[in-house]
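Now for the letters of each chain:
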Amino acid sequence: MVENMIIETNSPEETKQVGFKIGQEAKPGTVYALLGDLGVGKTIFTKGVAEGLGITEPINSPTFTIVQEYENGRLPFYHFDVYRIGDVEEMDEIGFDDYVYGDGMCLIEWANLIEEILPENTKTITIEKDLEKGFDYRKITIE
Ligand code: ADP
Ligand code: MG
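What counts and how
Residues numbered from 1 in each chain as written. Chains lettered and ligands numbered in written order. Predicted model: local features only at pLDDT ≥ 70, side-chain atom pairs only at ≥ 80, totals over all residues. Heavy atoms only, no water. Near = heavy atom within 4 Å. Polar contact = N/O pair within 3.5 Å; in protein donor to acceptor, adjacent residues only side chain to side chain. Areas by Shrake-Rupley, 256 points an atom, 1.4 Å probe, with all protein chains shown as cover. Helix = DSSP H or I, 4+ residues; strand = E, 2+ residues; numbered from the N terminus. Nonpolar A, V, L, I, M, F, W, Y, C, P; charged D, E, K, R; others polar.

1. A look at the site of ligand 1
No. 1: Around ligand 1 there are 15 residues in total, and Thr15, Gly39, Lys42, Thr43 and Asp136 lie nearest to it.
No. 2: In the model, an oxygen atom of ligand 1 is placed 2.7 Å from a nitrogen or oxygen of the Gly39 main chain.
No. 3: Contact distances for ligand 1 include 3.1 Å between an oxygen atom and a backbone N or O atom of Gly41.
No. 4: Here ligand 1 loses 75% of its free accessible area of 580 Å² to cover by the protein chains.
No. 5: Contributions of two or more residues to the shell around ligand 1 are made by helix H1 (12-25) and helix H2 (42-52).
No. 6: In terms of residue count, the dominant contributor to the shell around ligand 1 is H2 (3 residues).
No. 7: Its residues placed into classes, the shell around ligand 1 shows 4 nonpolar, 7 polar and 4 charged.

In structure tokens form, the structure reads like this:
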């Protein structure tokens, strides 16, 4: 299992590959919080996850819909971007609990903004830069 580890990458392709493995291994009901600043590689990582789940549709950022659903993979995949929510109550309105306590895999970008309503067993993936190690260096912490 890709769990409780730190992975260092030096290209977008490598970061995507880490996501791919997580998608391949994901079990029903897994919730991942995906954290990291703008431009760090969250979207690239998510594309890898989707491919790992066997999803063939293109992955678009769900910024204007909060959640984007993909049903044609090995498990349903629910990709959230909660960056623009004003209040956690907006998550109730979209039926957040049905997603996170359902049988799919959830991946939530900017999950720190809804920390108080995340399920207890949410796993966290943090992507960080370290410019001293090069422009393309990323540290991916999974816990
Ligand atoms: P985010 O969704 O976090 O805003 P994106 O995935 O859209 O970020 O973009 C990440 C950018 O960083 C891309 O332009 C990508 O080419 C670049 N990049 C450089 N090195 C890496 C790396 N090791 N992992 C991921 N992205 C990288
Ligand atoms: Mg993005």
